[in-house]
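Results of the structural survey
Residue-level listing of the chains:
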Amino acid sequence: MAVAEAQLYAKVSNKPRGRSTSALLEPLLAKGFPAHIAQKALVATGQKTTEDAAKWLHSHCNDPSLDDPIPQEYALYLCPTGRLHTRLQDFWKESKRQCGKNRAHEVFPHITLCDFFPCEDQKVELLYDILKRVGDRFSQSFPASISLTLHASPSYLGFFIDDSQANILKEFAVAFSSEASALADCHVKPSLKQFHLTLAHRFYPHHQKTLEQLAKGINPGEPCQWVAALYSRDMRFVHYQRLRALFQYKPQNIDELLINAGDLIYVEPRQQSEVSEGWVIGTSHRTGCRGFLPENYTERAHEADTWVRHREYVFDAASRSVTKAEKEPNVKLNGEAHNLSVSRSVTNVVSLQNAALQRGVLVMHHGERVDQVFGKSWLQQCLTADGKYYRADLNFPSSLPRRKDSMKKFENDPPLSCCGIFQSRLIGEALLDQEVTVSHVYSSPALCCVQTAQHVLQGLKLNPKVRIRVEPGLFEWTKWEASKAIPSFMTVAELVEASYNIDTSYRGNFPLSSLVPSESYEDYVSRSSAVMKQIISACPSKGRGVILIVGHGSSLVPLTRALTGLPNRDSRDFAQMVQKIPSLGMCFCEEQKEDNKWQMVNPPVKTLTHGPNAAFNWRKTIMED
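For the chain, the name recorded in an unreviewed UniProt entry is UBS3A protein, with Toxostoma redivivum as its organism.

Next comes the structure, spelled out in structure tokens:
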């Protein structure tokens, strides 16, 4: 055991353990999990839901540190929301693009109220109560707006807080730290230095002028609602680097680490000296397991990517004249009573966004295709000697729609698998549960996209109320077509004859004849942008309907970035990014009423995740030696 870890064990091993009565804990105890492990899972997931904690426990079933008594570390930050937060994020992105990464990019925009301190798992709920109680006490005296003054030096750039307002923030931090130290048995130190919001830190001196120019483009007087939020991190990995997996890697040897795309990995630089070139040894944030992995499967991640957001207190300037008891009734979440001032996530911010929602656009990748499961030769596996289709596996569709030309045309325009049909209908049912109102549906002419749209509408119970508009301009980047030619798609008449709910009156913005084989990346992005603009202009701006667009993995980026006004992705990064988009992966954009601009937000439903299921031959597996 490393010396540092031994010191951590010594700090916590002799402390008495309490027992939380949280309603979130009881279902986990009922499933047989020990109390200390269940509490650890709840804390690791921000004590949001029992389901999140159970999923964490399942992922960490082989975590060698699952029984370790080391607690999390917590920090209290004051974070901006609204337009000021958007401007700060824009600065983050542009400063990174022009000057490269600096220390400020590791964390989101914030003002530190209390720096990181350890707190035992069973006492974390006390921190939530303290945040709520202290927040209520300071709600009337908290500044309606915070004055920010730009300050620059050769190694630091940021906003300093006005002294009179900083004093109130310090009093709030001191009150929280005093109660947390007394009631939760934590050693909490409030930040008493000059309060500041860092924009850039530890950058090259020759970048100072560029960074200052970018910072002057931020209006510190932008509308902003401030939120005091509790974050936690794993204290064992404070000084480690963070990597993010770009691709899945399946271990070839027992000492290698299984990673999925998107996984975060902790890497200790000092432990890499004896590792073979091209490899690193790290610990998975998702599973807690440790092992070797190929370095070229990863990219650098930010420190805060592994942090967990817990409770927050929203300082609402608009409600200063109304008492909290009148303004904010208690509600029940997961069986517990909570005041609306303390949200479990960014609920207050989301509600503000929803209030401003005019229209929504949901861009969706099609469901699982048969060739993605059975390979490019899937059709040969399903044809009899006389050329008739039969179902060679239960994941093949029971039949293929009729088309006038050769059945072999399906090779380059494959249908959904049965799992793909199920996926699509499941997404539709989830959208229905969330009361999402779909007003228009657009689909690529590819059969798999039309089928996805059809089954999503069936899940939404909108079939045949909303008809599918087949738009050739939504077809994927033609450079990726293996045949180097545009596939022969089913005609609108054939789709209607096959009982697909097609809008026969719709005329596409891009005729099929306009699609060019092996088009350049720039042409593809330009086509996608033009199609998106024409779709938006064709759908009425009145009402709150969602426009559903079913396309390909390559569709999500150019369509949404064109809508939100973001610059195009570099073509060199595009292929790697598309590989990470699963079946039914989706992006959601909302139109903001106040400025008629579009903003990308969380989709209305969660992702659909499932594992592979290989073909099974009972004779070879069971009978043969």
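1. What about the sheet that holds strand β9 (residues 279–284)?
Read from one edge of the open sheet, 5 strands run β10-β9-β8-β7-β11, paired in antiparallel fashion. At either end of the open sheet lies a strand with only one pairing partner, and these are β10 (290–294) and β11 (298–300). Taken over all neighbouring pairs, the strand axes of this sheet differ in orientation by 45 degrees on average, direction set aside. With 5 bridges joining them, β9 and β10 adopt antiparallel strand pairing. Across the sheet, Ile281 pairs through a bridge with Phe292, a residue of β10.

2. Focus: the sheet that holds strand β5 (residues 196–201)
Remark on secondary structure: sheet strands pair via backbone hydrogen bonds, oriented parallel or antiparallel. Strands sit in the order β3-β4-β5 across an open sheet of 3 strands; the sheet is antiparallel. Strands at the two margins of the open sheet, each flanked by one partner only, are β3 (148–153) and β5. Each adjacent strand pair in this sheet contributes to an overall mean axis angle of 20 degrees, direction not counted. Bridge analysis of β3 against strand β4 (residues 156–161) gives 6 bridges, and the strand direction is antiparallel. Bridge pairing in β4 links Leu148 to Ile161. On top of the sheet, helix α5 (residues 82–99) reaches β3, β4 and β5; it is set at about 20 degrees to β5, its chief contact. Helix α8 (residues 208–215) rests against β3, β4 and β5 of the sheet, and its axis sits at about 170 degrees to β3.

3. A few points about helix α4 (residues 50–59)
Owing to its 3.6 residues per turn, the α-helix aligns residues three or four sequence positions apart on the same side. Buried within α4 we find Thr50, Ala53, Ala54, Trp56 and Leu57. Axial view of α4: buried residues confined to an arc of 160 degrees, hence all on one face. Along α4, the residues that are exposed and aim more than 90 degrees away from the buried face are Glu51, Lys55 and His58. Next to the buried residues of α4 lie α2 (25–30) and α3 (35–44).

4. Here's the deal with the pattern of salt bridges
With the rule as written, the count across this model stands at 23 salt bridges. The residue Glu312 makes a salt bridge to Arg309 at a minimum N-O spacing of 2.5 Å. Judged by relative accessible area, which is 1%, Glu312 ranks as buried. For Arg309, a relative accessible area of 21% puts it in the partly exposed group. In this structure, the salt-bridge partner of Asp503 is Arg469, at a minimum N-O distance of 3.5 Å. On the criterion of sequence distance, the pair formed by Asp503 in the loop between α14 (492–497) and α15 (521–538) and Arg469 in strand β18 (residues 468–470) is long-range, its members being 34 residues apart. Residue classification places Asp503 among the buried positions, given a relative accessible area of 16%. A single network of salt bridges, built from pairs that share partners, joins Glu73, Arg103, Arg233 and Glu303.

Analysis parameters
- Residues numbered from 1 in each chain as written.
- Predicted model: local features only at pLDDT ≥ 70, side-chain atom pairs only at ≥ 80, totals over all residues.
- Heavy atoms only, no water.
- Pairing = 2+ DSSP bridges.
- Helix = DSSP H or I, 4+ residues; strand = E, 2+ residues; numbered from the N terminus.
- Axes fitted to C-alpha atoms, helices over the stretch in contact; angles between N-to-C directions.
- Contact = heavy atoms within 4.5 Å.
- Buried < 20%, exposed > 50% of the residue type's maximum accessible area, 1.4 Å probe, protein only.
- Arc of directions from axis to C-beta.
- Salt bridge = Lys/Arg side-chain N within 4 Å of Asp/Glu carboxyl O.

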